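Breakdown of the fold
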2 protein chains.
Amino acid sequence: MMEEPQVRKRDAAATKAALLDAAAVLFGERGFDRTTVRDIAKLAGANQALLFRYFGSKDALFEEVLARGGREQIASTPPGELLGTALRGMLESDTRRDRTLDAYLRSTGHDSAATAVRRQLGEEYAKVLATLTDAGDADLRADLILAWLLGIGLVREITGKEPLASADPDDVCRLVLGAARTLLERSG
Amino acid sequence: MMEEPQVRKRDAAATKAALLDAAAVLFGERGFDRTTVRDIAKLAGANQALLFRYFGSKDALFEEVLARGGREQIASTPPGELLGTALRGMLESDTRRDRTLDAYLRSTGHDSAATAVRRQLGEEYAKVLATLTDAGDADLRADLILAWLLGIGLVREITGKEPLASADPDDVCRLVLGAARTLLERSG
DNA sequence: GCAGTTTGTAAGCAACTGCTTACAACGCTA
DNA sequence: TAGCGTTGTAAGCAGTTGCTTACAAACTGC
C-alpha cells in the first residue's frame, strides 16, 4: 500500500496558503475574537509560530483573509449581474466555498486595520451598484442595496431566522430584485 | 459648597441597575467579546464580584441587556408605525439612548443563551411587520424588511460607510419606506 | 562537504480573562 | 445592644491568549 505524505515538507508558500484557508474557515465560523491562532495553526497542520512569521499578527492575517475573499467575486462579475450574483452567492449555502462574508459578519465587534479593508470593500461594491441607477442620489441608493444584502446575510447566517434562513433562493431573489429595481429605477 | 455623595451606599437595586446600564453602553461600543467584566464594573462604579452575584455570569448579563432594550421599543409602538419608528430610531444617532441594537450588531460572533433572545426579538419584530401585508408569503417579506433594517444599522454603525452613515434620516426613510411599501403591498 | 539561509518545532512568557472566595462594613430587627 | 442577613471589597485562582525565543532539520550555492 502506498501512502502519500499528508505533511508538507518545507514549502513556505503552501504552508502560508494553508494558514490562510484555515483562517478563512474559522473566522467565518466563529468570528475574529473567538478564533485562536492555535486553532488556525492546528487546522492548517502547521506550527503556530509560522503564522506570526508569515503574517506578522493575528490581525494582519484577518486583514488578508478579508481582502483576498472580497475582491474575487467583485472582479469576476459584470456590474449588471453583481446584485443578483452576490445575492445568490449568499443564499446558496450548500455550494458555497467563500466564507469571507461570514467572517465579515461575525467580526463586527472588531476594530483594527481590517476596518479599512471592510470599508474599502464596501466602497467597491457600492460603486458598482451605483452604476445601475441614474438618480441624483445614486450613491445613497447603492448603500441601501448593499445594506440590504448584508442584512439578509446577517439574518440568514447569524440569526438563522425562519422563514428567511431556509427560504428558496428563487423566491428571495424575486422579491429583493423586484423591490431593488423600483428603488434604483425610480430616479429622484 | 455642598457635595452630593456620588457613591451608592448599600443599595442593591441601584447597583444592579448601574451594572446593567454600564453593560449596555460597553456591549454597544465594543461588542460582547471585547468588553470585560472589569470594565463594566468600573464604569458602573461597582465591584466586579457584585456583577456575578446579581447576574450569575457575563453571558447572563448580556442576555438581560438584550432582552431589556429590545422589548421597550416594540411594546411602545403601534404596528403600522413600527417600520418608520424603528428606522428613525436607528438613524437619529444624536438623540439616541438605546444601545441595544449596537450590542446586537457588534456581538454577532457570540453564541450563547443570548442567541435565543436574539431570535425571539427578531420573531417579535417580524410578527408585527408581517401584519402589514396580505401576501401569501407575508412572513418571508417581513423577514426581508427586518434584514434591511438590521443591514442599514450595520452599515451605519459598524462600517460607517458614506454617504449612508451621515445621510439625512428623511431621505433614507423616504427611499426605504417607498421600496418597502412596494414589497409589502404587491401581494404575490 | 560546508557555510548560510530558509523552514519547522517546542517551550514558555507576560498579560488578561471570567469567576470564586474569604472577609469586612453596614443596617435592620428583636 | 446583640445577632444576623445583606451589601461591598480585596485578593487570587486557573485557564487562555497573542506572541517570542532558542534551536533543530532541511535545502542552496559554492
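Residues numbered from 1 in each chain as written. Chains lettered and ligands numbered in written order. Predicted model: local features only at pLDDT ≥ 70, side-chain atom pairs only at ≥ 80, totals over all residues. Heavy atoms only, no water.

Examining the protein's contact with DNA strand D
Selection criterion: Residue proximity to a molecule or strand is established when one non-hydrogen atom of the residue lies within 4 Å of it. Polar contacts here mean pairs of N or O atoms no more than 3.5 Å apart (in protein, one a potential hydrogen donor and the other a potential acceptor; neighbouring residues in sequence count only if both atoms are side-chain atoms). For the purposes of this entry, the term helix denotes a DSSP run of H or I that reaches at least four residues, the term strand denotes a run of E that reaches at least two, and both are numbered from the N terminus. Throughout, the ten residues Ala, Val, Leu, Ile, Met, Phe, Trp, Tyr, Cys and Pro are labelled nonpolar, Asp, Glu, Lys and Arg are labelled charged, and all others, Gly among them, are labelled polar.
Residues in close proximity to DNA strand D total 21 residues, the closest being A:Thr36, A:Gln48, A:Phe52, A:Lys58 and B:Arg10. Close to the protein, within 4 Å, the atoms of DNA strand D belong to sugar or phosphate groups at a rate of 46%. Between DNA strand D and the protein, one listed contact pairs a phosphate oxygen with a backbone N or O atom of A:Thr35 at 3.3 Å. With respect to DNA strand D, the side chain of B:Arg53 contributes an N or O atom lying 2.9 Å from a base nitrogen. Among the secondary structure elements, those contributing two or more residues to the surface near DNA strand D are α2 (37-44) and α3 (48-55) of chain A together with α1 (12-30) and α3 (48-55) of chain B. At five residues, α3(B) tops the list of elements feeding residues into the surface near DNA strand D. For the surface near DNA strand D, the per-class residue count stands at seven nonpolar, seven polar and seven charged.

A few points about the interface of chain B and chain A
We apply this condition: Throughout, a residue-residue contact means that at least one pair of heavy atoms, one from each residue, lies within 4.5 Å. Defined in terms of a 1.4 Å probe, buried area is the accessible area two parts forfeit on being brought together, summed over both. Each salt bridge in this description consists of a side-chain nitrogen of Lys or Arg and a carboxyl oxygen of Asp or Glu lying within 4 Å of one another.
Facing 47 residues of chain B, the contacting portion of chain A comprises 47 residues. Counting the surface lost from both chain B and chain A, the interface buries some 4,000 Å², and carbon and sulfur atoms represent 65% of this. Its largest share of buried area at the contact with chain A, chain B owes to B:Trp148, B:Lys161 and B:Leu175, together 16% of the area lost on that side. Along the contact surface separating chain B from chain A lie six salt bridges. Our count for the contact surface shared by chain B and chain A stands at 15 residue pairs in polar contact (both at pLDDT 80 or more). Mapped by element, the contributors of at least two residues to the side of chain B that touches chain A are α6 (100-105), α7 (114-130), α8 (138-159) and α9 (169-185) of chain B. Per-class residue counts for the side of chain B that touches chain A are 22 nonpolar, ten polar and 15 charged.

Some thoughts on the relation of the copies chain B and chain A
Our working definition: Here the copies were fitted onto each other by least squares, based on C-alpha atoms from residues at pLDDT of at least 70 in both.
Once chain B has been moved 0.0 Å along the axis and rotated by 180 degrees, it coincides with chain A to within an RMSD of 0.1 Å. Here the transformation between the copies is reduced to the relation of a two-fold axis. Closest approach to the rotation axis among the C-alpha atoms of chain B is made by B:Gly151, whose C-alpha sits 1.9 Å away. Most of the interface of chain B is mirrored in chain A: 100% of its interface residues are interface residues there too.

Details of empty space enclosed by the protein
Picture a little ball the size of a water molecule; that probe, rolled over the atoms, points out where space is still empty. Inclusion rule: Points on a 1 Å grid, built from protein atoms alone, make a cavity when a 1.4 Å probe fits but cannot get out and make a pocket when they are open with protein on both sides within 12 Å along at least 5 of 7 lines; residues with an atom within 4 Å of a point are the lining residues. Grid points are joined across faces, edges and corners, and a volume is the space filled by probe spheres set on the points.
Counting across every chain of the model gives one cavity of 30 Å³ or more. Approximately 100 Å³ is the volume attributed to the largest cavity. Along the wall of the largest cavity there are 20 residues; nearest its centre are A:Asp33, A:Arg106, A:Gly109, B:Asp33 and B:Arg106. Of the residues assigned to the lining of the largest cavity, the class counts are two nonpolar, ten polar and eight charged.

Notes on the protein's contact with DNA strand C
Close to DNA strand C lie 21 residues, the nearest being A:Arg10, B:Thr36, B:Gln48, B:Phe52 and B:Lys58. Counting only atoms of DNA strand C within 4 Å of the protein, the sugar-phosphate share comes to 47%. Between DNA strand C and B:Thr35 there is a distance of 3.4 Å, counted from a phosphate oxygen to a backbone nitrogen or oxygen. The side chain of B:Arg38 places a nitrogen or oxygen atom 2.9 Å from a base nitrogen of DNA strand C.

Remarks on the layout of surface pockets
Its boundaries defined by the atoms lining it, the largest pocket holds a volume of some 820 Å³. Taken together, 32 residues line the largest pocket, and the ones lying closest to its centre are A:Gln73, A:Asp98, A:Thr100, A:Leu101 and A:Tyr125. Of all the secondary structure elements, the ones that give two or more residues to the lining of the largest pocket are α1 (12-30), α4 (58-75), α5 (79-91), α6 (100-105), α7 (113-130) and α8 (138-159) of chain A together with α8 of chain B. The dominant element in the lining of the largest pocket, judged by the number of residues it contributes, is α4(A), at six residues. Of the residues in the lining of the largest pocket, the class split is 13 nonpolar, nine polar and ten charged.

Remarks on the environment of A:Ala18
Position of A:Ala18 among the secondary structure elements: in helix α1. Along the sequence, A:Ala18 and A:Arg53 sit 35 residues apart, while their C-alpha atoms lie 14 Å from each other.

A few points about the pattern of salt bridges
Convention followed: Residue exposure (1.4 Å probe, protein chains only): buried if accessible area is under 20% of the type maximum, exposed if over 50%, otherwise partly exposed.
Overall, the coordinates contain 18 salt bridges over all chains when judged by the stated rule. Residues B:Arg34 and A:Asp33 are paired through a salt bridge, measuring 2.3 Å at the closest nitrogen-oxygen approach. Of this pair, B:Arg34 sits in the loop between α1 and α2 (37-44) while A:Asp33 is found in the loop between α1 and α2, placing the two residues in two different chains. Overall, B:Arg34 belongs to the partly exposed group, its relative accessible area being 33%. For A:Asp33, a relative accessible area of 29% corresponds to the partly exposed category.

Quick word on the side chain of B:Thr159
Mapped onto the elements, B:Thr159 comes out in helix α8. Classification of B:Thr159 by relative accessible area gives buried; the value is 5%. Of note is the side chain of B:Thr159, whose polar atom sits 3.1 Å from the side chain of A:Tyr104.

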